[in-house]
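Coordinate analysis (summary)
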Amino acid sequence: MAAITNPPVRLRRELHIWEAIGLSVAGASPALAMAFSGPGVAGLVGRAAGLSFLFAAVTCIFIGYAFMMLARKYNSAGSVYGFVGASIGPRSGFFSGWALMLMYFVFTPGSAAASGYFVASLFDDLGWIHNASFIWFAIPISAIVWLTASGLARHSTRTLLTIEGVTVFLILILMIVILVKVGSGHGLNGGTLTLSVFSPPSGVNLHALVLGAVFGFLAFTGFEAAGALGEETVNPGREIPRAIGVSILAIAVFYVACIVVQSLGFGANKAGSAEFASSSGPLFQLSAVYLNGAVRDIILVGAAFSAFGAAVSEAMAGSRLVMALSRDGTPSSPLARISMPTGAPRRAVELIIAVNVVLLLIFQFAGVSGFTIWQYLGTLGTLGILVGYAMVCIAASRAALNGTLQIAKWKAIVPILAAIAVFYTLYNELIPAPAYPYNVFPYVTLAWLIIGAAVVIFAPHLAKRMGDGLIRTLGVAELGGPHHHHAHDAATETDVAGLAEDSPPAG
């Protein structure tokens, strides 16, 4: 494979808003999230699971707004790394990218394990293979993820959006059937249509609601994936913010509604909440009860594809982050290269897939099920990404206040509120410490962050190279302060296509 080796490496500018939306929606993976996220929340807050999701939804909409503010001005394959690096400085940018990298490294195997688990469940249901381990499916699925994420971004992202759309449509039909049957007195556990799903049962306090919101954040994470397509999208200053905004709003409405309907479907009472909390697949259980086994199997297929789509989205966005960090920090590294003819950072994709396979095999030998792997790695990745989100919110508020973004200063209040909500969520997650093994994950996250911090503290030359690289790629005069675009000069000097408002597709 011929590869471009002369820095700065340039991605092809050929994507449009639908491809960007496809990557974000697949990253959040609505069908996978709704298949798994509910029981954990129901176990903490009972019938009020929708309230925890509402807290997560509002916070994520605010975080999404911070991403949109920065994406209007900066187009970087490194997403968080580029946004924070441009607004605060290269050291903070690297640290934020490093925090996000943890999420991509663990979410990819988490999603592949979930996909394998769904396929194994489907084969078990159909009587083809009984009690097969997830691993027999997760490894071939990982190979397909590798091939898809290494291919043409245009084709991959459109496929992801189609798969997700069909599955979400099926879930919406199920939600309508549940509401009709519960409303006509045929609900599980004597459940009725009630607004009590929006009031916490006695004994459930704010701490429990915010703790439940961590499962909400786990469901939302990935919505920012479109930010990684900043160097591949035509007119990114307009299309990327729109893609992030459309994705987060649509996902927020769907999630809150779906969790509320699941609570009603099981019954908005003690017995119903207990059954919801103990379910290992609430969507499948409800579809079997309210419709039939065939619909359950169709939704299982959709969820398997949804989890696969999530793994592809994470591998694609993660590989672009690895490529961007390598391109600026170690330009001669194979990870900084882009392969022809696909225009994808294949070596970076291969790194993520290799880590994915190693983690899957470790969990298999430890005897952990596919469902549990998703919970474990999802929780670990969520801690990492919340740190990244907090950094983006700080960067956006700083850039709004110091005039960099050339917008009204009062708009800084939105990312500031988002940062406060994120820090409050992290505090609730850590104090008091959760039960084993969830009490271990904060230490793993902390160790990862300490390594990232050590790199930026003890390798000043790396930070300088990254700063120079960001200035080149983003086409700005300086980092971390009010500055103006030098788009024409930068495009001429470094051949970065499309910094101008309506740039033609490159390559």
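A brief structural summary.

Let us look at empty space enclosed by the protein. Throughout the structure, instances matching the rule amount to three cavities of 30 Å³ or more. Here the largest cavity defines a volume of roughly 110 Å³. As for the largest cavity, its lining consists of 15 residues, and the residues nearest its centre are Leu-32, Phe-107, Leu-218, Glu-314 and Trp-374. In terms of residues, the lining of the largest cavity owes the most to one element, helix 5 (residues 90-126), which gives three residues. For the lining of the largest cavity, the class distribution of residues is eight nonpolar, six polar and one charged.

Turning to the nonpolar core, a few remarks are in order. Judged by nonpolar contacts, the single largest core of 170 residues is most densely connected at Met-34, Ile-63, Leu-70, Phe-118, Phe-220 and Tyr-255. Ranked by the residues each element gives to this core, the list is headed by helix 5, at 20 residues.

The linkage connecting Ile-431 with the following residue, Pro-432, adopts the cis geometry, with an omega of -10 degrees. Considering the arrangement of structural elements, one finds Pro-432 in the loop between helix 15 (413-430) and helix 16 (441-458). With an omega of 0 degrees, the peptide bond between Tyr-436 and Pro-437 qualifies as cis. Assignment of secondary structure puts Pro-437 in the loop between helix 15 and helix 16. Positive phi, normally seen in glycine, also occurs at Asn-235, with a value near 50 degrees. Secondary-structure assignment places Asn-235 in the loop between helix 8 (206-220) and helix 9 (236-266). By relative accessible area, which is 2% here, Asn-235 ends up buried.

Let's shift gears to the pattern of salt bridges. A pair can form between side chains of opposite charge whenever their charged atoms are brought close. Inspection of every chain in the model, using the stated rule, returns nine salt bridges. Put simply, Arg-296 and Asp-125 hold a salt bridge, and the shortest N to O gap is 3.1 Å. With a gap of 171 residues between them, Arg-296 in helix 12 (residues 293-329) and Asp-125 in helix 5 connect regions that are remote in the sequence. Its relative accessible area of 24% is what places Arg-296 among the partly exposed residues. Among the charged side chains, a network of salt bridges with common partners joins Asp-125, Arg-296 and Asp-297.

Moving on, we come to the environment of Phe-220. Residue position: Phe-220 is located in helix 8. The spacing of Phe-220 and Pro-434 is 214 residues in sequence and 21 Å in space, taken between C-alpha atoms. Once residues lying within four places of it in the same chain are set aside, the contact partners of Phe-220 are Ala-28, Phe-53, Ala-56, Ala-57, Cys-60, Ile-248, Ile-251, Ala-252 and Tyr-255.

Below, the discussion takes up the environment of Leu-359. Locating Leu-359 in the fold gives a position in helix 13 (residues 346-365). Since its relative accessible area comes to 22%, Leu-359 is described here as partly exposed. When near neighbours in sequence (up to four residues on either side) are disregarded, Leu-359 contacts Phe-105, Val-106 and Pro-109.

This next bit is on a nonpolar patch on the surface. On the surface, Leu-401, Trp-410, Ile-413, Ile-416, Leu-417 and Ile-420 cluster together into a nonpolar patch covering about 590 Å² of accessible area. Of all the elements, helix 15 adds the most residues to the nonpolar patch, at four residues. Examined against the element boundaries, Ile-416 turns out to sit in helix 15. According to the relative accessible area criterion, Ile-416 is partly exposed, its value standing at 34%.

About the thresholds
Residues numbered from 1 in each chain as written. Predicted model: local features only at pLDDT ≥ 70, side-chain atom pairs only at ≥ 80, totals over all residues. Heavy atoms only, no water. 1 Å grid on protein atoms, 1.4 Å probe; cavity = no way out; pocket = protein on both sides within 12 Å on 5 of 7 lines; lining within 4 Å. Points joined across faces, edges and corners; volume = space filled by probe spheres on them. Helix = DSSP H or I, 4+ residues; strand = E, 2+ residues; numbered from the N terminus. Nonpolar A, V, L, I, M, F, W, Y, C, P; charged D, E, K, R; others polar. Core = buried A, V, L, I, M, F, W, Y, C linked by side-chain atoms within 4.5 Å. Buried < 20%, exposed > 50% of the residue type's maximum accessible area, 1.4 Å probe, protein only. Salt bridge = Lys/Arg side-chain N within 4 Å of Asp/Glu carboxyl O. Contact = heavy atoms within 4.5 Å. Patch = residues over 30% accessible without salt bridge, like charges linked within 9 Å, V, L, I, M, F, W, Y side chains within 5 Å. Areas by Shrake-Rupley, 256 points an atom, 1.4 Å probe, with all protein chains shown as cover.

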